[in-house]
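# Topology and contacts: notes
Each chain is listed here by its residues.
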Amino acid sequence: MSAFKKLFGGLGSRKKEAESTLPPEETVPQPDAAPPAPPKEEPDAFAVPAGNALAKVWSRCGHPGLPSLNPRFQSWSAGPEIPTDTLKKSFYKVLRQAAVLSQRWLDMENAGLQARAAAQAEAEKKAAQQADGEQPAEPAAPAGPEPPLDIDEMGEVLVAGDGMAAWLLLLPPSGNGKTLTVKDVETMLSAAKVVHGVSQPAVEAALSDKVYFQLLPIARGTDPVPGTDGWIDEHFSRSYTRTADTESKVVDYRAQSNVQAIAKDAVICDIHLPVPGTPGKRVDGLPIAAPPVKAASVPAGSGTAVSPDGTKLLSLLDGFLEFRGGTFNVKDLLNIPNDVDYSTGNIDFRGDVNIRGDVREQFSVKATGDIVISGLVEAACVEAGGDLVISNGVSGNGQAVIRGKNVRVKYLENCTVYAENLESEYILTSCVYCSGSVTVTGGRGAIIGGQIVAAQNVKASCIGSQTGRTTKICMGVKPDVREEFAANKTELTAIRKEASELAKRATYLKKRMEDQGGRPDARSSREIENAVARITELAEREKALTAQQAELSRQLTSLPTSRLECNELYPGVRLTIGSAGRVIESMIGGCVAVFDPETRDIKFM
């Protein structure tokens with residue numbers, strides 16, 4: 001056994017001797033109990049194999065068992081924290097590097113032992129020569145322990161396989177061996193190409209703490225920071241369903257539609273662009289790319305487009321939105337294959353609507369384009385921004401309201417219609433307001449009861465009935481002009497009444513203050529000021545309404561070019577053309593009625 005091994009091996013024996021000299025501790029009798037179960041030992045995945053050079057150095061230094069490179073079993077924590085997985089992935093690489101350093105240590109010890117053996121042999125040779133009488137023998141030195149060999153403190157910078165960590169492994173010196181300095185470690189770092197993430201305090205602590213046979217973390221790479229994948233923030237539902245009213249908790253199946261209407265350029269969804277991550281850096285300075293980020297999968301279908309900046313999915317047209325086949329699609333023609341009822345809810349659509357069934361009572365259909373209804377319209381509301389076609393007519397029960405530009409309907413019963421031009425086979429007890437013409441031909445071709453207001457012409461097979469049922473026909477002025485004239489007249493009357501009452505009140509207050517000797521009355525004075533300001537405001541409004549009323553009156557009294565054509569005009573019909581009016585008292589056949597500018601009356605031709 002070498003002197004170096006004796007030196008470090010003797011430490012264990014001296015420790016046992018010291019422990020044996022301690023006085024025995026006072027023991028307290030304990031009750032009989034089952035011995036505690038020994039702690040479960042976990043296998044060490046980082047144990048150094050017995051044949052490795054590092055294990056041999058460990059043994060030469062007098063340590064029992066085998067060393068472990070598991071940081072979990074080590075107490076030194078002065079360096080940066082390094083994940084266990086980093087060592088796990090590069091354990092065998094680190095072990096091979098540690099073996100090279102350990103072999104150097106062993107080679108130095110072997111060289112020292114060989115030198116010591118050679119010196120011993122030379123001494124024995126000289127002693128033998130002296131014994132043969134060649135020269136007097138020198139007294140032999142007293143026997144004693146051999147001094148330890150002089151071996152310098154050794155270290156190696158071990159780099160993880162993924163380049164994300166570096167450790168310092170130190171082996172102890174012996175005898176008069178030199179110790180490592182910070183400059184020596186810096187040289188090791190340079191040789192290992194470790195240039196990033198080095199902890200200078202960890203290097204200094206490793207050299208001062210003299211922790212051997214352990215992996216001392218002294219450098220840590222910078223992990224890449226993951227970015228954020230792109231994502232979609234949708235403003236419309238993929239599966240459109242009716243929702244209950246928040247207060248009553250009741251679903252109004254009429255008011256809610258199964259169709260999601262959408263306007264042109266409306267934002268269907270916001271597209272959040274991916275945010276790239278931040279690259280990392282290995283301890284050798286090489287960059288580590290951040291994980292790739294994915295762009296959002298944009299559900300763009302027909303009738304949609306992504307905005308130029310790529311942040312929005314937009315609708316290209318007015319219509320309805322549906323989600324089908326993984327994409328949003330916008331269509332400008334809405335096909336309803338059945339009735340408009342509880343299964344569909346009310347329809348409010350930007351575009352054209354084609355309804356193959358009926359529009360049931362209390363439901364409504366609105367569209368910015370044309371509406372075609374193959375069935376019947378009950379007591380419902382139908383409003384088209386374009387033309388309106390109703391194949392089977394309207395049975396309105398006094399509640400139906402029909403609006404459109406050019407309206408074609410088989411018949412109208414007990415309803416109200418607003419249109420530019422109207423074509424129908426017969427009209428029964430309905431109110432029709434047209435800015436153009438009303439044509440009732442084909443089939444019965446009759447207008448019976450109700451009121452027809454048309455700015456231009458009215459043409460029908462027969463108007464009124466043999467029973468003398470009241471039927472009003474007004475022509476020559478647009479319905480909206482007549483309505484506006486009536487509304488202005490009502491407002492003018494109200495304004496003049498209010499101004500008159502305010503003037504009376506102001507006069508009364510002034511006279512009362514005069515009767516009181518002219519004493520100031522703040523309340524009355526304030527009321528008079530307010531009345532005067534209001535009268536001035538009403539006067540300005542009256543002036544504007546009067547001018548507007550004059551223009552409307554001019555339109556009402558202008559020479560109309562309207563004409564009424566019918567085969568049979570029955571008694572009870574009240575005919576108005578422009579400012580002229582007449583009640584038909586007897587049946588007139590094959591008549592054409594116009595306004596006569598000379599007599600300013602209705603003329604039959």
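Located above this text is the structure these notes cover.
The sections below set out a description of the structure shown in this document. All values reported here derive from a predicted model rather than from experimental measurement. (Residues numbered from 1 in each chain as written. Predicted model: local features only at pLDDT ≥ 70, side-chain atom pairs only at ≥ 80, totals over all residues. Heavy atoms only, no water.)

Before going further, it helps to examine the overall build of the chain. Per the secondary structure count, the chain includes eight helices and 31 strands. By sequence separation, contacts in the chain at least 24 residues apart represent 48% of the contacts at least 6 residues apart. Accessible surface, the chain: about 34100 Å² in total, of which carbon and sulfur atoms supply 52%. (Helix = DSSP H or I, 4+ residues; strand = E, 2+ residues; numbered from the N terminus. Contact = heavy atoms within 4.5 Å. Areas by Shrake-Rupley, 256 points an atom, 1.4 Å probe, with all protein chains shown as cover.)

Pairing in this open sheet of three strands is antiparallel, and the strands run β1-β2-β3 from one edge to the other. The open sheet is flanked by β1 (154-159) and β3 (216-220), the only strands paired with a single partner. The mean inter-strand angle of the sheet, taken between neighbouring strand axes irrespective of direction, is 25°. Note: β1 against strand β2 (residues 165-171), six bridges, orientation antiparallel. Looking at β2, one finds that Val 159 is bridged to Ala 166. Strands in contact with helix α4 (residues 91-131) are β1 and β2; relative to β1, the strand with the most contacts, it is inclined by about 165°. Seen against the sheet, helix α5 (residues 182-191) touches β1, β2 and β3 and runs at an angle of roughly 35° to β1. (Pairing = 2+ DSSP bridges. Axes fitted to C-alpha atoms, helices over the stretch in contact; angles between N-to-C directions.)

On to the packing of aromatic side chains. All chains considered together, the criterion is met by eight aromatic pairs. Ring geometry for Trp 58 versus Phe 213: centroids 5.3 Å apart, planes at 85°, classification edge-to-face. A residue pair is termed long-range when its members are at least 10 positions apart, and Trp 58 in helix α2 (residues 53-60) and Phe 213 in the loop between α6 (200-209) and β3 qualify at 155 residues. As far as the burial class goes, Trp 58 and Phe 213 line up, both buried. (Phe/Tyr/Trp six-rings, centres within 6.5 Å; stacked < 30°, edge-to-face > 60°. Buried < 20%, exposed > 50% of the residue type's maximum accessible area, 1.4 Å probe, protein only.)

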